[in-house]
Amino acid sequence: MQEAIASFDFVEYLDRSRTLVENALDASLGPEKPVKLRDSMRYSLLAGGKRLRPILCLAACELAGGEVEKALPTAVALEMIHTMSLIHDDLPSMDNDDLRRGRPTNHKVYGDAVAILAGDALLTRAFEMVSLRTKGVSSERLLKVVGELSLVAGAPGLVGGQVVDLDCEGKEVDLETLEYIHLHKTGALLKACVTCGALIGGADERLLSALSVYARGIGLAFQIIDDILDVTASSEILGKTAGKDLIADKTTYPKLLGLDESRRRADDLVAEAKNALEPWSKNSKPLLALADYITSRDR
Ligand code: GRG
């Protein structure tokens, strides 16, 4: 398997996939009105970012044997949900941050009200992307994707995780609660990315279940690395305020386990994630490389 991964040009793959995603994101918000709302939505959606979520969706679709183009609107929808969660997370009533993706946060530029509404509009546009702007995919598959998105964006997913996270600020938090927060705030959306991509590609139950194990591993690992980078990287590199967890007195993996043990845990989780895809190792090079990217990233 190592040999197969070695021959895969991940840099070229990332570059190509990002271009595809950036173009689709740009096309998803046309010359619409009101202009202020459109500008605010575009400001955050087109501000860069790693585009990990849409790329995971496209890679899972391909692994399931589907065509990437058919999953593109869903990939855009997932990035819209992610972006709206960042806009809302940065609001003064939440994490109260003024830097995101290397620029002032949405509410700093457009004000709280428009930032909230731009988030709402991105969330609803996400469902429009799947239900009205996807071509060549059966209604049955799209309905399943809509179901996944409804769960991940709601109380069982991001919103639930955010509420528990806010509740825990300044309190002693055990590893179990921390894992709950991470699996809901971060892991759930990453899982939805691979599940939705795979559903569009026509995955069977066996592949869906393996992808769910893969997603849990990369989801937790992603957040552990996020916690580590918050301590070790600069705001300039991260494009968001570094050291925020300490300031907000948040419990993190490095706080509970230390930096070395946290990194070991992230590495183990990525190994578990990759292992789940072993039976598909010939066709899963992008997903395997994306798993490694999660622990090797510097931002
Ligand atoms: C979805 C309806 C709805 C509400 C959102 C605010 C909120 C409820 C949830 C917070 C979710 C959140 C901000 C989780 C943090 C996830 C995380 C680690 C983000 C950083 O992701 P990266 O590093 O960012 O992939 P880029 O900028 O590269 O995309």
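Note that the coordinates shown come from a computational prediction; the quantities given were computed from them, not determined experimentally.

Visitor: Would you mind showing me how to read the environment of Lys282 here?
Guide: As for its placement among the helices and strands, Lys282 is situated in the loop between helix H15 (259–276) and helix H16 (285–296). Residues Lys282 and Leu63, 219 residues apart in the sequence, show an inter-C-alpha distance of 9.5 Å.

Visitor: How should I be thinking about the nonpolar core in this particular structure?
Guide: Most often, soluble globular proteins have nonpolar side chains that are buried together. The biggest cluster of nonpolar side chains holds 92 residues, and the ones touching the most others in it are Leu56, Leu211, Tyr214, Leu287 and Leu290. The element contributing the most residues to this core is helix H11 (residues 205–232), with 14 residues. Contact partners of Leu56, with chain neighbours within four places excluded, come to Leu190, Cys193, Val194, Tyr214, Ile218, Leu287 and Leu290.

Visitor: Explain the packing of aromatic side chains to me, please; I cannot follow it from the model alone.
Guide: Ring pairs (aromatic) are described by centroid distance and by the angle formed between their planes. Throughout the structure, instances matching the rule amount to five aromatic pairs. Between Phe8 and Tyr13 the ring centres are 5.5 Å apart and the planes differ by 55°, which places this aromatic pair in the tilted class. Ring centres of Phe10 and Tyr13 lie 6.5 Å apart, and the angle between their planes is 20°; on these two criteria the pair is classed as stacked. In this pair, Phe10 and Tyr13 are both assigned in helix H2 (residues 10–28), three residues apart and thus about one turn of the helix distant. What makes Tyr13 buried here is its relative accessible area of 4%. One aromatic cluster is present, formed by Phe8, Phe10, Tyr13 and Tyr293 through successive ring pairs. Against the face of Tyr43 rests Arg103, its NZ or CZ located 4.1 Å from the ring centre. We note Arg297 situated over the ring of Phe222; from NZ or CZ to the ring centre the distance is 3.9 Å.

Visitor: When you look at the site of the ligand in this model, what are you seeing that I'm missing?
Guide: Taken together, 19 residues lie near the ligand, and Lys50, Arg53, His82, Arg101 and Gln162 sit nearest. Between Lys50 and the ligand, the recorded distance is 2.6 Å, taken from a side-chain N or O atom to an oxygen atom. Within the side chain of Arg101, a nitrogen or oxygen atom sits 2.8 Å from an oxygen atom of the ligand. Starting from 760 Å² of accessible surface for the ligand in isolation, the protein chains cover 91%. A total of five residues in the shell around the ligand trace back to one element, the largest contributor, which is helix H5 (residues 68–89). Considering only residue class, the shell around the ligand consists of seven nonpolar, six polar and six charged.

Visitor: I'm lost on the layout of surface pockets in this one. Help?
Guide: If a probe the size of a water molecule is rolled over the atoms, the empty space left behind becomes visible. Roughly 200 Å³ of volume is contained in the second largest pocket. For the second largest pocket, the lining is made up of 13 residues, of which Val152, Gly187, Ala188, Lys191 and Ala192 are closest to its centre. Looking at the lining of the second largest pocket, the elements with two or more residues in it are helix H8 (139–153), helix H10 (175–201) and H11. Residue contributions to the lining of the second largest pocket peak at six residues, all from H10. In terms of residue class, the lining of the second largest pocket is made up of seven nonpolar, three polar and three charged.

Visitor: Is there a simple way to think about the pattern of salt bridges in this case?
Guide: For side chains bearing opposite charge, pairing can occur when the charged atoms are close. Counted under the stated rule, the structure contains 23 salt bridges. The salt bridge involving Lys244 is made with Asp97; its shortest N-O contact spans 3.6 Å. Of this pair, Lys244 sits in helix H13 (residues 244–247) while Asp97 is found in the loop between H5 and strand S1 (99–100), placing the two residues 147 residues apart along the sequence. Its relative accessible area of 14% is what places Lys244 among the buried residues. For Asp97, a relative accessible area of 9% translates into the label buried. For Lys274, the salt bridge goes to Asp292, with nearest N and O atoms at 2.9 Å. Of this pair, Lys274 sits in helix H15 while Asp292 is found in helix H16, placing the two residues 18 residues apart along the sequence. You can call Lys274 buried: its relative accessible area is 13%. Residue classification places Asp292 among the partly exposed positions, given a relative accessible area of 30%. Linked through salt bridges whose partners overlap, the residues forming this network are Glu22, Arg51, Glu79 and Arg101.

Visitor: Would you explain unusual backbone geometry in this entry?
Guide: The general pattern is negative phi for most residues beyond glycine and trans for most peptide bonds. In this structure, Pro34 follows Lys33 across a cis peptide bond, with omega equal to 0°. On the secondary structure map, Pro34 appears in the loop between H2 and helix H3 (35–45). Positive phi, normally seen in glycine, also occurs at Arg51, with a value near 60°. The topology assignment puts Arg51 in the loop between H3 and helix H4 (52–63). Of note, Arg101 is a non-glycine position whose phi angle comes to about 50°, a positive value. With respect to the secondary-structure elements, Arg101 resides in the loop between S1 and strand S2 (103–104). By relative accessible area, Arg101 is classed as buried at 17%.

Cut-off values and rules
- Residues numbered from 1 in each chain as written.
- Predicted model: local features only at pLDDT ≥ 70, side-chain atom pairs only at ≥ 80, totals over all residues.
- Heavy atoms only, no water.
- Helix = DSSP H or I, 4+ residues; strand = E, 2+ residues; numbered from the N terminus.
- Core = buried A, V, L, I, M, F, W, Y, C linked by side-chain atoms within 4.5 Å.
- Buried < 20%, exposed > 50% of the residue type's maximum accessible area, 1.4 Å probe, protein only.
- Contact = heavy atoms within 4.5 Å.
- Phe/Tyr/Trp six-rings, centres within 6.5 Å; stacked < 30°, edge-to-face > 60°.
- Lys NZ or Arg CZ within 6 Å of the ring centre and 35° of its normal.
- Near = heavy atom within 4 Å.
- Polar contact = N/O pair within 3.5 Å; in protein donor to acceptor, adjacent residues only side chain to side chain.
- Areas by Shrake-Rupley, 256 points an atom, 1.4 Å probe, with all protein chains shown as cover.
- Nonpolar A, V, L, I, M, F, W, Y, C, P; charged D, E, K, R; others polar.
- 1 Å grid on protein atoms, 1.4 Å probe; cavity = no way out; pocket = protein on both sides within 12 Å on 5 of 7 lines; lining within 4 Å.
- Points joined across faces, edges and corners; volume = space filled by probe spheres on them.
- Salt bridge = Lys/Arg side-chain N within 4 Å of Asp/Glu carboxyl O.

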